[in-house]
Amino acid sequence: MNVTQIMQDLERKHPGESEYLQAVREVLLSVEEVYNQHPEFERAKIIERIVEPERIITFRVPWVDDKGEVHVNIGYRVQFNSAIGPYKGGLRFHPSVNLSILKFLGFEQTFKNSLTTLPMGGGKGGADFSIRGRSDAEVMRFCQAFMTELYRHIGPDEDVPAGDIGVGGREIGYLFGMYKKLKHEWSGVLTGKGLEYGGSRIRPEATGYGALYFVNQMLQTHGHDIKGKSVALSGFGNVAWGAAKKATQLGAKVITISGPDGYIYDPAGLDDEKIDYLLELRASGNDVCQPYADEFDGAEFFPGRKPWERQADIYLPCATQNELNGEDAESILAFHPVCVAEVSNMGCTAEAVDKFIAARQLFAPGKAVNAGGVATSGLEMTQNAMRLQWSDEEVDQKLHQIMHSIHEQCVKYGRQKDGYIDYVKGANIAGFMKVANAMMAQGIV
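Let us look at the structure shown here. (Residues numbered from 1 in each chain as written. Predicted model: local features only at pLDDT ≥ 70, side-chain atom pairs only at ≥ 80, totals over all residues. Heavy atoms only, no water.)

## Overview of the overall build of the protein chain
Operational definition: For helices the rule is a DSSP run of H or I covering at least 4 residues; for strands it is a run of E covering at least 2, with both sets numbered from the N terminus onward. For the radius of gyration, the atom set is restricted to C-alpha positions; the globular benchmark scales as 2.2 Å times the number of residues to the power 0.38. Working definition: with a 1.4 Å probe on protein chains only, accessible area under 20% of the residue-type maximum means buried, over 50% means exposed, and in between means partly exposed. We call two residues in contact when some of their heavy atoms are within 4.5 Å. The method behind every accessible area is Shrake-Rupley, applied with a 1.4 Å probe, and residues are considered shielded solely by the protein chains displayed. Charge counting follows a simple rule: Lys and Arg are positive, Asp and Glu are negative, and His as well as the terminal groups are ignored. By convention, the charge on Lys lies at NZ, on Arg at CZ, on Asp at CG and on Glu at CD.
Counting its regular elements, the protein chain contains 17 helices and 12 strands. Taken over C-alpha atoms, the radius of gyration comes to 21 Å for the protein chain, in line with the 22 Å a tight globule of 445 residues would show. In terms of principal-axis extent, the alpha carbons of the protein chain reach across some 60 × 55 × 45 Å. Within the protein chain, the fraction of its 445 residues that count as buried is 58%. Counting only contacts in the protein chain whose residues sit at least 6 apart along the sequence, the fraction spanning at least 24 positions is 72%. Accessible area of the protein chain: about 17800 Å², with a carbon and sulfur share of 49%. The positive charge centre, built from 46 side chains, and the negative charge centre, built from 58, are 5 Å apart in the protein chain.

So, in C-alpha cells, the structure goes:
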C-alpha cells in the first residue's frame, strides 16, 4: 500500500473534503505495516474499497415553520460499510453538516463499531438544520419531513440510525413515530428511543460513561488511580454530561465545561446539583456557561477561550471534531497530564495527535474511547429484537465488558517495542482487521 498515492487519488476525487481525508489518512498510516503483510488484501483492493462509502443518499427536506414560511434543507445518509452488520450510526442536525463531515463520521463509525465486537456496520447521516430557536412543532415537522424520504433506505436489518449533535430523545421520538406511520410496522429501526417505546436504559449517558470506563482502564493499566484526579473537559452536550457524571462518581473532580461562547472554570468541581442545573439549561436551548457562572460562587466564565489553558490531570475533548489543535496540545503537554482522551469524534487535529504521540503522552482516540454510545445502541437493537428490556445493572455490566474488550484490543495491537501503548494505532488496526477479513470472506461486492 502506498499511502501517499492513495491520498493523492482521494484528494483528486473528493477535493475540499478535509475532515474525511483527515480521517482516512490517520487510519491508513496506522494500518500500513499490517496491511502490507497481507498481499491478499492488496489483490482484493481492500483499501480502495474500504475508503469509499457503499452508498450515499442525499435529498431535499422542505418544511413549514410556525409562521407559514417554507424552508428547504439538505438531508443525507452515508451508508459506509456493511461487511460486519447493518449500517449503524447517528443523525446530526446542525448548520455545519456537509458531505465531508458525514463521510468522516461514517468512516470512523465503521471501525468504532468493529471494535465493540457487536455485528454493526458503519453509517452516518443528518441535515444542515439547526434546532436552535425552533419550537417543538417546528422540530416535529422537520423530523417528519426528513423521515418521509429517509424511511425508504433504513430498517432494522439494513440501516439503524441513532442520535448525534442536535438529535436527542425528542427528535428520535418524532422520527420513529413517522417511520412507524409510513412503514405500518413497529421495529427497532432507530436507537436512542424513550424507555416507554423500546429504548435501552443508560443509553443517554452511555457515551460518557463508557469513555470514563475506558479512561479508568487506561489509568489502571499504567498504575494510576482516577480518584482525586482533576478533569478538564469541553462541551456540555449529550456526551459531556455523561462523562462529567461518571468521572464525578469515580472520585475525579471535573473543573471545566464549555460551550460555543467560551468555557467555565469551577475549581470546586461539578457535583450532582450542578450537573442537574446544567441539564436544565441545556434543555432550554440556551448557552450554559454564563448562567452557570452567575449561579455558582467561585465559578468563572472565560468568553471566547478554550479549557485547554487550565492545568488538569486528565483532558477530555467532548464537544466536536478538531476542537483541540496543535497549539492546544502544546499547552496541555506543558502541564504534564496523566492522560488525554478524545470523547468527541476526532476531537483532536492530526497535528495535536502527532504531538501527543511524539511526546509519549498517554492518549486514546475517539473511535475507542467513545464507542460506549454505539455499543449501547447495539444492546438496544438486541433488546428490541428479543422484545424485552434489560435492567440498568445488566446494561451497565455489558457496557463495562465491551469497553474492557476494546481496551484490550488497543493494547494488543498498539504496544510498541519501547513499552509505550499507541492507542491510536491499536484501535485502528483492531477495527480495520475485522472489517477487512469480513470483506475478504464476502468476495468483491
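## Here's the deal with a negative patch on the surface
Heads up, the rule is: Think of a patch as exposed residues, more than 30% relative accessible area, with no salt bridge, where like charges cluster within 9 Å and nonpolar side chains (Val, Leu, Ile, Met, Phe, Trp, Tyr) cluster within 5 Å. We define a salt bridge as a contact between a side-chain nitrogen of Lys or Arg and a carboxyl oxygen of Asp or Glu at a distance within 4 Å.
On the surface, D271, D272, E273, D276, E280, D294 and E295 cluster together into a negatively charged patch. Those elements that provide at least two residues to the negative patch are α10 (272-283) and α11 (289-295). At 4 residues, the largest contribution of residues to the negative patch is made by α10. Tracing the sequence through the fold places E295 in helix α11.

## Side note on the packing of aromatic side chains
Under the convention used in this document: Pairing of aromatic side chains requires ring centres within 6.5 Å, counting the rings of Phe and Tyr and the six-membered ring of Trp. Pairs whose planes differ by under 30 degrees are stacked, by over 60 edge-to-face, and all others tilted. Here, over-ring charges are defined by two tests on the NZ atom of lysine or the CZ atom of arginine: distance to the ring centre within 6 Å, and angle to the ring normal within 35 degrees.
Taken as a whole and judged by the stated rule, the model has 22 aromatic pairs. Seen from their ring centres, W63 and F129 are 5.3 Å apart, and the 90° between their planes marks the pair as edge-to-face. In this pair, W63 sits in strand β1 (residues 55-64) while F129 sits in the loop between β4 (122-127) and α6 (136-150), placing the two residues 66 residues apart along the sequence. The exposure class assigned to W63 is buried, which follows from its relative accessible area of 4%. Following the ring pairs from residue to residue traces out a cluster consisting of Y35, F41, F80, F107, F111 and F432. We note K274 situated over the ring of F296; from NZ or CZ to the ring centre the distance is 5.6 Å. Above the face of the Y265 ring, R310 is positioned so that its terminal group lies 4.1 Å from the ring centre.

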